[in-house]
Structures are given as C-alpha cells and as structure tokens.
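Now for the letters of each chain:
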Amino acid sequence: MRWAKTRPKVKHDLALSGILNLPFPELEARIEDIDLNGDNSYGYGPLIDAVAEHCDVPSQSVVTISGGTSMANHLAMAAAIEHGDEVLIEQPTYEPLLALAEYFGAELIRFSRSFENEYRVDLDDLAAKVTSRTRLIVLTNLHNPSSAIVHEETLRQIGGIADKVGARVLVDEVYLEAMFENAPRSCFHLGPQFISTSSLTKGYGLSGLRCGWILAEPGLAQRMRLLHDIFGSLAPHPAERLSVLALTKLPRFITRARKILENNRAVLNDFLDAREELRVVRTDQGTTCFPLLLKGGVDGLCDLLHEKYDTAVVPGRFFESPRNFRIGMCAEPQLFKVGVERLGQALDELTA
C-alpha cells in the first residue's frame with residue numbers, strides 16, 4: 001500500500017487496478033444532493049437501502065463503511081476473530097490482508113491458489129489445513145492479483161469446510177463489481193458463515209467516494225456497527241449522500257467502464273499472444289492480469305519502465321510472487337495502448 005501511495009506518477013499507468021477516475025461533472029450532482037450533516041449514527045439509511053438493493057440482500061445485513069474495501073476488511077476481521085485465533089488465508093494474496101490478520105494477532109496458515117492450478121482454490125489443501133481452532137478463512141473473488149474467479153460450487157464447499165469447525169468465510173468481492181451484470185451473486189447468499197466485503201472503488205471510477213460495505217448475518221453485522229465506534233464512529237456525510245446518488249446512476253458508469261475494459265483487454269491479449277517470455281492465466285473478467293516473467297528480473301523491468309518509458313506495472317513481490325507483475329486494464333485506452341507498447345520495448349531491452 002505504501003508503494004501504491006508514494007510511487008512516482010507516470011504517463012502510461014498500467015498499475016491501476018480500478019477504473020479510471022470518473023470526472024466529477026459526470027456524477028451530475030447538484031448542491032441539493034450534498035449536506036454536511038445527517039442521521040448516520042450507525043449508517044445513513046438511504047445508503048444502506050441503496051447497497052441492499054444493489055446486492056439484493058436485507059438492509060439489516062448491510063454495514064456501510066467509509067474507507068472502501070480496505071476498511072471493510074478491517075472491521076469484518078476485527079469482528080470475526082480474537083487474538084490468537086487460527087486464520088487461513090489464500091496464497092498468493094493481496095498483502096494488506098496478511099498484514100491485517102497479523103495486526104489482530106492471528107495465527108496465519110496458508111492454503112494454495114497456485115499459478116500451476118490457474119489460481120483455483122485447492123480444496124484438498126484447504127481442508128487439510130483447517131483445524132478445530134480455525135475461526136476464519138479468507139480469500140479474494142475475483143482473485144487479487146490474477147482476476148481468477150471462484151465459482152459458487154467451490155464457495156459452497158469452502159462454506160461446508162468452515163461450518164464443520166464453526167469458522168466463518170471472509171470473501172473480498174470488490175473485483176466482482178467489475179463484472180457488472182455478469183457478476184455472480186455475492187457469497188453472502190450461500191449461508192450465515194459467509195462475510196462479504198466490497199465497495200464502489202474498483203469497477204466504476206468512483207474511488208474518491210470511499211464507499212465500502214460489509215454483508216453479514218444480522219447479529220454479526222450489528223457487532224460490526226458497534227465495534228466501528230472505536231475505529232471510525234461517523235462517516236463523512238457528504239460522501240454518503242453522493243454515494244447514494246452514484247448508486248442510482250451505475251448503469252451509465254458501467255457503460256463507460258465496460259468500454260475501457262473491453263478496449264484494453266483486447267490490446268493486452270494481442271500483446272500477450274506475441275510474448276514468448278511471458279506466461280499468464282487468461283481470464284475474461286476483472287481489471288487485472290498477472291503475467292509470469294520467464295526471462296530477466298521483475299524489479300529490473302519495473303525500474304526500466306519507470307526510468308526510460310514513463311510507464312508502471314505492479315511488482316509481484318507485493319503479492320508473494322516475485323517473478324510476476326500485475327497489469328491493470330483501467331487507464332484511458334490510448335494511453336494504455338502506448339503503455340503496452342512500451343512494456344514490450346522494455347521487455348525486448350531487458351532480455352536482449
């Protein structure tokens with residue numbers, strides 16, 4: 001996260017994992033849509049209802065969070081585990097999930113989602129790692145960084161494994177938002193042992209609103225609301241009101257986001273077809289892909305891209321995969337196209 005916040009700006013940014021930020025005028029907000037204060041002690045009612053409708057869940061199971069999916073994961077994990085609990089987390093994964101579990105004093109155990117298995121969840125490995133002390137199983141869907149999907153039948157089996165030992169399953173579903181109408185229903189619908197986190201930050205260009213949420217069974221959801229009193233208390237009300245407005249206009253933002261992703265995915269797939277030094281698990285969904293570099297070093301590639309080509313990708317070391325790098329398909333299409341061309345030039349130079 002620190003790298004993402006402090007890295008130098010580049011013209012051709014292939015490191016973006018969320019759709020290019022929406023210009024504020026396209027939200028078409030009026031001054032009447034904004035107020036500094038409102039009744040939001042345990043969530044702003046209209047926002048809770050809007051998220052519930054968006055996710056097709058009961059309002060009492062929705063916990064809204066300012067801080068996007070990151071803060072949603074923080075609150076969900078805080079409510080689900082105690083210091084010393086055993087927590088199983090996929091490998092490889094998004095580094096802040098590991099840091100969060102360590103922060104809460106969990107005993108970390110890993111289960112495999114390997115490149116060789118196309119980043120599928122290895123259910124046999126997971127089942128072998130679960131014990132009577134397991135209290136939480138954590139995964140991302142779509143997988144961050146590969147965009148591999150975990151299908152509902154696999155999630156059901158994970159839920160069954162968890163249920164046998166009284167554990168819960170936390171699924172970060174933020175990248176499912178970038179599947180738009182084709183997204184499967186949330187894991188929340190599969191049983192009370194499931195906790196889902198998500199936000200508007202990745203799929204729509206609405207990162208600046210920091211609108212996140214948790215879906216959980218009502219008793220646990222209420223525990224989260226009360227626990228949040230010591231973390232964030234009240235959310236910024238103008239952002240809540242603008243988030244309600246944004247949720248009413250998602251079809252328009254989806255059209256924009258889909259066009260960006262379809263253009264950029266086609267460009268990237270053509271590029272990958274031509275590169276013998278890269279191997280990758282192809283997906284038809286998500287905002288990112290995660291190539292494996294067969295020749296040369298990823299850190300050297302990233303330095304060369306920045307210093308000579310004004311281009312950036314994300315080093316795979318942030319996802320426990322130092323031989324990989326993550327490409328985001330979220331930039332303005334013309335800039336993305338040139339950035340991919342420059343990536344090719346850097347690879348040629350690196351491996352010459």
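All values reported here derive from a predicted model rather than from experimental measurement.

Focus: the pattern of salt bridges
Turning to step 1, where the next piece is worked out: Counted according to the given criterion, the structure contains 21 salt bridges.
Turning to step 2, where the next piece is worked out: When the shortest N-O distance is used, the salt bridge between R258 and E181 registers 2.4 Å. Here E181 lies in the loop between strand 6 (168-172) and strand 7 (194-199) and R258 lies in helix 9 (residues 250-273), a separation of 77 residues in the sequence.
Turning to step 3, where the next piece is worked out: It is possible to trace a salt-bridge network through shared partners that takes in E28, K249 and R252.

Remarks on the sheet that holds strand 14 (residues 325-328)
Turning to step 1, where the next piece is worked out: Read across the sheet, three strands follow the order 10-14-13 without closing on themselves; strand pairing throughout is antiparallel. Sheet topology places strand 10 (288-289) and strand 13 (314-315) at the edges, where each strand pairs with a single neighbour.
Turning to step 2, where the next piece is worked out: Two elements, strand 13 and strand 14, share two bridges in a ladder whose sense is antiparallel. Within the sheet, the bridge partner assigned to P315 lies in strand 14 and is F325.

Observations concerning the sheet that holds strand 3 (residues 86-91)
Turning to step 1, where the next piece is worked out: Strands sit in the order 2-8-7-6-5-3-4 across an open sheet of seven strands; the sheet is mixed. A strand with exactly one partner marks an edge of an open sheet, and here the two such strands are strand 2 (62-66) and strand 4 (107-112). The average undirected angle you get between the axes of adjacent strands in this sheet is 20°.
Turning to step 2, where the next piece is worked out: Two strands pair when backbone bridges link them, and strand 3 and strand 4 are joined in this way by six bridges, in the parallel orientation. Along strand 4, the bridge assignment pairs I89 with R110.
Turning to step 3, where the next piece is worked out: The sheet contacts of helix 2 (residues 45-55) involve strand 2 and strand 8 (211-215), and relative to strand 2 the element is tilted by about 115°.

Observations concerning the pairing of strand 6
Turning to step 1, where the next piece is worked out: In terms of residue burial, strand 6 counts as a mostly covered element, since four of its five residues are buried.
Turning to step 2, where the next piece is worked out: Both strand 5 (residues 134-140) and strand 6 contribute to a ladder of five bridges, which runs parallel. What sits directly across from V138, in strand 6, is L170.
Turning to step 3, where the next piece is worked out: Where strand 6 meets strand 7, four bridges bridge the pair, whose relative direction is parallel. Each residue of the ladder has a partner; that of V171, found in strand 7, is S196.

Quick look at the layout of surface pockets
Unoccupied space between atoms shows up once a probe the size of one water molecule is rolled over them.
Turning to step 1, where the next piece is worked out: The space that makes up the largest pocket amounts to roughly 1,000 Å³.
Turning to step 2, where the next piece is worked out: Considering only residue class, the lining of the largest pocket consists of 16 nonpolar, 11 polar and nine charged.
Turning to step 3, where the next piece is worked out: Along the walls of the second largest pocket sit 21 residues, with H54, C55, E177, A183 and P184 positioned nearest its centre.
Turning to step 4, where the next piece is worked out: Elements that contribute at least two residues to the lining of the second largest pocket include exactly helix 2, strand 7, strand 8 and helix 9.
Turning to step 5, where the next piece is worked out: Here the lining of the second largest pocket takes three residues from helix 9, the largest share from any one element.
Turning to step 6, where the next piece is worked out: Of the residues assigned to the lining of the second largest pocket, the class counts are 11 nonpolar, five polar and five charged.

The rules we used
- For every chain, the first residue of its written sequence is number 1, and the numbers climb from 1 along that sequence.
- Only residues with pLDDT of 70 or above have their local features reported here, since the model is predicted, and side-chain atom pairs are shown and tallied only from 80 upward, although totals for entire chains, interfaces and linings are computed over all residues.
- Side-chain numbers here rest on the full set of heavy atoms in the structure, without hydrogens or water.
- By definition, a salt bridge exists where a carboxyl oxygen of Asp or Glu is found within 4 Å of a side-chain nitrogen of Lys or Arg.
- Every helix listed is a DSSP run of H or I at least four residues long, and every strand listed is a run of E at least two residues long, numbered separately from the N terminus.
- When DSSP locates at least two bridges between a pair of strands, those strands are taken to pair.
- A fitted line through C-alpha atoms represents every axis, and for helices the fit uses only the stretch in contact; the resulting angles, taken between N-to-C directions, go from 0 to 180 degrees.
- The contact criterion used throughout is that any non-hydrogen atoms of two residues lie within 4.5 Å.
- Burial classes: relative accessible area under 20% of the type maximum marks a residue as buried, over 50% as exposed, and values in between as partly exposed (1.4 Å probe, protein chains only).
- Cavities and pockets are defined on a 1 Å grid built over the protein atoms alone: a cavity is a set of grid points where a 1.4 Å probe fits but cannot escape, while a pocket is an open set with protein on both sides within 12 Å along at least five of seven lines, and lining residues are those with an atom within 4 Å of any such point.
- Grid points are joined across faces, edges and corners, and a volume is the space filled by probe spheres set on the points.
- Classification convention: Asp, Glu, Lys, Arg as charged; Ala, Val, Leu, Ile, Met, Phe, Trp, Tyr, Cys, Pro as nonpolar; all other residues, Gly among them, as polar.

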